[in-house]
Amino acid sequence: MSDLNVTITESAQAYLKELLDKQECEGIAIRMFVSSPGTPNAETCIAYCRPGEEEADDVVMEMNAFRAYFEGRSVPYLDEARVDYSPDKMGGQLTIRAPNSRMPKITDDSPIEDRINYVLYNEINPGLAAHGGQVSLEEVTEDMFAVLRFGGGCQGCGMVDMTLKEGVEKTLKEKIPELAGVKDITDHSDKSQAYY
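Notes on the structure follow. (Residues numbered from 1 in each chain as written. Predicted model: local features only at pLDDT ≥ 70, side-chain atom pairs only at ≥ 80, totals over all residues. Heavy atoms only, no water.)

## Things to note about helix H2 (residues 112-129)
Heads up, the condition is: Starting at the N terminus, helices and strands are each numbered in turn, a helix being any DSSP run of H or I of at least four residues and a strand any DSSP run of E of at least two. Multiplying one less than the number of residues by 1.5 Å gives the expected span of a helix. A residue's bend is simply the angle between two axes: one fitted to the seven residues ending at it, one to the seven starting at it. Buried, partly exposed and exposed residues are distinguished by accessible area as a fraction of the type maximum, computed with a 1.4 Å probe on protein chains only: under 20%, between the cut-offs, and over 50%, respectively.
With 18 residues, H2 should reach 26 Å at 1.5 Å per residue; the first-to-last C-alpha distance of 24 Å fits that figure. Where H2 bends most, at Leu-120, the angle is about 40°. Here H2 has its buried residues at Ile-112, Asp-114, Arg-115, Ile-116, Asn-117, Val-119, Leu-120, Tyr-121, Ile-124, Asn-125 and Leu-128.

## Describing the nonpolar core
Going by this rule: Residues grouped as a nonpolar core are buried Ala, Val, Leu, Ile, Met, Phe, Trp, Tyr and Cys residues, joined through side-chain atoms within 4.5 Å. Any two residues having at least one pair of non-hydrogen atoms within 4.5 Å are treated as being in contact.
In this structure, Val-6, Ile-8, Ile-30, Met-32, Phe-70 and Leu-78 are the most contacted members of the largest nonpolar core, which totals 23 residues. Of all the secondary-structure elements, those providing two or more residues to this core are strand S1 (6-8), helix H1 (10-22), strand S2 (29-35), strand S5 (67-70) and strand S6 (81-86). Among all residues touching Ile-8, those that are not within four sequence positions of it are Gln-13, Leu-16, Ile-30, Met-63, Phe-70 and Val-83. Ranked by size, the runner-up nonpolar core spans 18 residues in total, among them Tyr-121, Leu-128, Ala-146 and Leu-148.

## Comments concerning the environment of Glu-55
With respect to the secondary-structure elements, Glu-55 resides in the loop between strand S3 (43-49) and strand S4 (59-62). Judged by its relative accessible area of 45%, Glu-55 falls in the partly exposed class. Along the sequence, Glu-55 and Phe-70 sit 15 residues apart, while their C-alpha atoms lie 9.2 Å from each other.

## A word on the side chain of Asn-117
Following the sequence through the fold, Asn-117 ends up in helix H2. Those residues within four positions of Asn-117 in sequence are excluded, and the remaining contacts are Thr-39 and Leu-137.

## Observations regarding unusual backbone geometry
Positive phi outside glycine occurs at Glu-24, with the angle close to 50°. Its identity as a non-glycine residue notwithstanding, Glu-80 has a phi of 70°, on the positive side. Within the secondary structure layout, Glu-80 lies in the loop between S5 and S6.

## Description of the sheet that holds S5
Rules: Pairing between strands is defined by DSSP: at least two bridges between them are needed. Only the stretch in contact is used when a helix axis is fitted, and all axes are lines through C-alpha atoms; the angle between N-to-C directions ranges over 0 to 180 degrees.
Here we have 4 strands laid out as an open sheet, ordered S3-S2-S5-S4, and mixed in their pairing. Of all the strands in the sheet, just S3 and S4 have a single pairing partner and so form its edges. Across the sheet, the axes of successive neighbouring strands diverge by a mean angle of 25°, strand direction being ignored. Across 3 bridges, S2 lies against S5 in parallel orientation. Counterpart to Ile-30 in the pairing with S5 is Ala-68.

## Here's the deal with the pairing of S5
Across 4 bridges, the pairing between S4 and S5 is antiparallel. The partner of Met-61 across the bridge, within S5, is Ala-68. In textbook terms, the turn of a hairpin is the stretch between consecutive antiparallel strands, and for S4 and S5 this stretch comprises 4 residues.

Scope: geometric values only; no functional claims are made or implied.
As structure tokens, then:
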């Protein structure tokens, strides 16, 4: 998998090497990944990666003085990412810019969670936003049900069952045929935010 397009500048590499050296752990590396990739909550993270903590599908890159692992699932979201370090009087700042972390690059081979999130954030949530609501994916069950959480104005709304079945489930099953259906995890007895 050579389509990794991440830049870690020389100043960032030097800074990360200093941090790694302080860990006093032979063979320690860094690992970069995106949590909640392809969603508005996406966060790009760099963590220490001690020997044995890397994952089988990680993509490995040899830097000047250390090794970097990139979570396989995060690679499409790390496209064009740039890690830089700019020293200043307060000790400097490491900046990570990952312009594609929130915009999923979806193919038929993408994990089903990513494909569901893509449909939720690009097709379903814009419609719910008019009512101050949004929906997010909690998990996909073994029997292929998407467990969704409704928030904002959807929570406590009496129309949510209809929205769920008629709108959300129909759209998701059209786009992702292997999905068996959707389930709602949200507690709709809390009507404090409801939109009528």
